[in-house]
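So you can see what is in the structure, the chains are spelled out below.
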Amino acid sequence: FALGMLKLTLQGLAGNGAELGLLSGLASLNFLYFSGVLFVISMATILIASQTAPPEDAVRTRGLTFRSIDREAVRASWNRNDVVATAVIIGLILAVYLYFSFWI
């Protein structure tokens, strides 16, 4: 968040004609490229934090991670309405995607 706000502030200052020196390169960087940079920084921060923090107790994280979920209980909770609703939503998304893909 702080890096994104810094970029936004620098971009606003550069747009008003302020002389930024070395920071002018950051201010002129396309926001789409900068979003990729922010994504990489965010992922690195998450990975470093998760690897350096002590692991949580398995009892506290039961059912929260892919490794600890009860797959039979999850499958038993599905009913026909859930499957039909999922198929309808996927069909709608596919229809919208196809409509806008060929829209001229």
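Further up the page is the structure itself.
Residues numbered from 1 in each chain as written. Predicted model: local features only at pLDDT ≥ 70, side-chain atom pairs only at ≥ 80, totals over all residues. Heavy atoms only, no water.

**A few points about a nonpolar patch on the surface**
Here's step 1: Where nonpolar side chains cluster on the molecular surface, the patch consists of L3, L6, L29, Y33, V37 and I41 and spans about 520 Å² of accessible area.
Here's step 2: Counting residues per element, the ones that place at least two in the nonpolar patch are α1 (2–15) and α3 (31–52).
Here's step 3: A total of 3 residues in the nonpolar patch trace back to one element, the largest contributor, which is α3.
Here's step 4: Position of L3 relative to the elements: it lies in helix α1.
Here's step 5: Residue classification places L3 among the partly exposed residues on the basis of a relative accessible area of 39%. (Patch = residues over 30% accessible without salt bridge, like charges linked within 9 Å, V, L, I, M, F, W, Y side chains within 5 Å. Areas by Shrake-Rupley, 256 points an atom, 1.4 Å probe, with all protein chains shown as cover. Salt bridge = Lys/Arg side-chain N within 4 Å of Asp/Glu carboxyl O. Helix = DSSP H or I, 4+ residues; strand = E, 2+ residues; numbered from the N terminus. Buried < 20%, exposed > 50% of the residue type's maximum accessible area, 1.4 Å probe, protein only.)

**Some points on the side chain of K7**
Here's step 1: Structurally, the position occupied by K7 is in helix α1.
Here's step 2: According to the relative accessible area criterion, K7 is buried, its value standing at 4%.
Here's step 3: Within the structure, the side chain of K7 is placed 3.4 Å from the backbone oxygen of L26, a separation counted as a polar contact.
Here's step 4: Setting aside chain neighbours within four positions, we find K7 in contact with L26, A27, L29 and F34. (Polar contact = N/O pair within 3.5 Å; in protein donor to acceptor, adjacent residues only side chain to side chain. Contact = heavy atoms within 4.5 Å.)

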